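Structural characterization, general
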Amino acid sequence: MGKFYDTVPVSAIVRIRDMMYTVKDPFRLDQGDVSFDAPDTFKQAVAKAMVDNRTHYLPTPGIPRLRELVAEKLRVKNRLPIDKDDEIVITNGGTHGIYAVLHALLEPGDEVIVPEPEWPPTMAIAQAAGGVPVQVRLHEHLGWRWDLDEVERAITPKTRVLYLNSPNNPSGGILTRPDLERLAAIARERDLWVLSDEAYEDIIFTGEHVSIASLPGMYERTIPVYTMSKSYALTGVRVGYFAIRDKALRDRATKIVLYTTSNVCSIAQYGAVGALEGPQDCIIDFRNELKDRRDFFYNGLAEAAPGVFSGDPPDGAFYAFVKINADWARDAGLSPVASAKGGDSLSWAMAEHLIKHARIGCVPGVDFGPNCEGYMRFCTGRGRPELAGALASMKETFARVASR
Ligand SMILES: Cc1ncc(COP(=O)(O)O)c(C=O)c1O
């Protein structure tokens, strides 16, 4: 098992994060981290937890008050039929939730349907759990949604889990209610578990967020996974959660949480209680500002990189997932380089070019799936000065390339 982990890939996001530490005055558009400060309700609760010496071991699934608040949030906001607080398990962020759930669900060789593009840790965790991620393309012309006939065709007798991620990282694509109704029917018919990763549930600019577990009879076969990282700007704090109705499966997933963390940091959990008990205005404020930043970045990109990238602003999440114009690359003499996954990659060439010459962190599309070679991801959730600085630096760099 130890050596097996050598075969589990490291996401380019991590590799690029390491590269960025060598860059002076970087523009960090590579990681999915918003620049907002955490809400005061969180900070005050953390400070109080310290004064109250909340520094001891806790029950593995989380402190009762946090589980109670989460259960209520899932009932009211996500419309899930949560029966008891016991169904909630607190995790060390969404990553840990996905890890525990996939390890609880998968047997060696089980297949997991995953969107393409998708946040790379999902595929890596599925592999780490002995599973086989099977990516099915989201189509740009469908607003980065699935053609559901293609999903049906990708299901085999080995498929065990349908992993949904709406809004999607990196494309921002959102599954509509009719999409989810059909996916629910497919899951029922083919007897699949659904892992619904709703990390970006609050970052939707157009349309609505629907939790598939709210559809009739779906909570029984769905494990919805959430994180406080994005909605409350708490990426480094590490609080997430999932809900499972089935007791045996929940016990197994909780055992995985036990042996990977014992309990999530006590101070972080008390802080999360403060964030959930207080007013929820920050969620709306962040969303409105993220929409403005999205527009600011796309408008700026048209000016800074004319003819270099194409793509429409997304309906959700906080990334620009744009296609590199192959003609521009050819004329500019930007040739593909060896990608970390093997094979030549224009998106890696672009990432290296932007990091080296413009100090801009960005992630090559190929890391989100082989068919996304030729795309780039930029995080638009950074502050205006950083976005403006990155755009100015990009403009200068591409102007230099054009005049060569
Ligand atoms: C789609 C998706 N799911 C889950 C996560 C996990 O977030 P975290 O572990 O920071 O809570 C992320 C983080 O970027 C994500 O993009």
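Residues numbered from 1 in each chain as written. Predicted model: local features only at pLDDT ≥ 70, side-chain atom pairs only at ≥ 80, totals over all residues.

**As for the packing of helix α2 (residues 40-51) against helix α9 (residues 266-277)**
Between two packed helices, the angle of one axis relative to the other and the distance separating the axes together describe the packing. Running from amino to carboxyl end, α2 crosses α9 at an angle of 140°, the nearest separation of the two axes being 7 Å. Between α2 and α9, the angle is such that the two are oblique. The way α2 lies across α9 gives a crossing that is right-handed. Counted together, Thr41, Phe42, Gln44, Ala45, Val46, Ala49 and Met50 of α2 and Ser266, Ile267, Tyr270, Gly271, Val273, Gly274, Ala275 and Glu277 of α9 form the full contact between these two elements. Split into classes, the residues belonging to the contact of α2 with α9 amount to 9 nonpolar, 5 polar and 1 charged. (Axes fitted to C-alpha atoms, helices over the stretch in contact; angles between N-to-C directions. Helix = DSSP H or I, 4+ residues; strand = E, 2+ residues; numbered from the N terminus. Parallel < 35°, antiparallel > 145°, perpendicular 65-115°, else oblique. Left-handed = near helix turned anticlockwise from the far one by under 90°. Contact = placed C-beta atoms within 7 Å. Nonpolar A, V, L, I, M, F, W, Y, C, P; charged D, E, K, R; others polar.)

**Focus on the domain arrangement of the chain**
Domain annotation for the chain reports domain 1 (3-31 + 282-402) and domain 2 (40-277). The centre of domain 1, based on its C-alpha atoms, is set 26 Å off from the matching centre of domain 2. Secondary structure elements with two or more residues in the side of domain 1 that touches domain 2: α1 (12-20), α10 (281-304) and β10 (319-324). Here the side of domain 1 that touches domain 2 takes 6 residues from α10, the largest share from any one element. Among the residues making up the side of domain 1 that touches domain 2, the classes are represented as 16 nonpolar, 5 polar and 5 charged. (Domains from an automatic or database assignment.)

**Some words on the site of the ligand**
Around the ligand there are 13 residues in total, and Gly93, Gly94, Thr95, Thr227 and Ser229 lie nearest to it. Here the shell around the ligand gets 3 residues from one element, more than from any other, and that element is helix α4 (residues 93-105). Looking at side-chain class alone, the shell around the ligand contains 2 nonpolar, 10 polar and 1 charged residues. (Near = placed C-beta within 6 Å.)

**With respect to the pairing of strand β7 (residues 222-227)**
By the criterion of burial, β7 is predominantly enclosed, with 6 of the 6 residues buried. Residues Thr222, Pro224 and Tyr226 line one face of β7 and the alternating positions Ile223, Val225 and Thr227 line the opposite face, and both faces are buried. Two elements, strand β6 (residues 193-197) and β7, share 4 bridges in a ladder whose sense is parallel. Within β7, the position partnered with Ser196 by the bridge is Pro224. In this sheet, strand β8 (residues 240-243) lies alongside β7 in antiparallel orientation, the contact comprising 3 bridges. (Buried ≥ 20, exposed ≤ 12 C-beta atoms within 10 Å, placed from the backbone. Pairing = 2+ DSSP bridges.)

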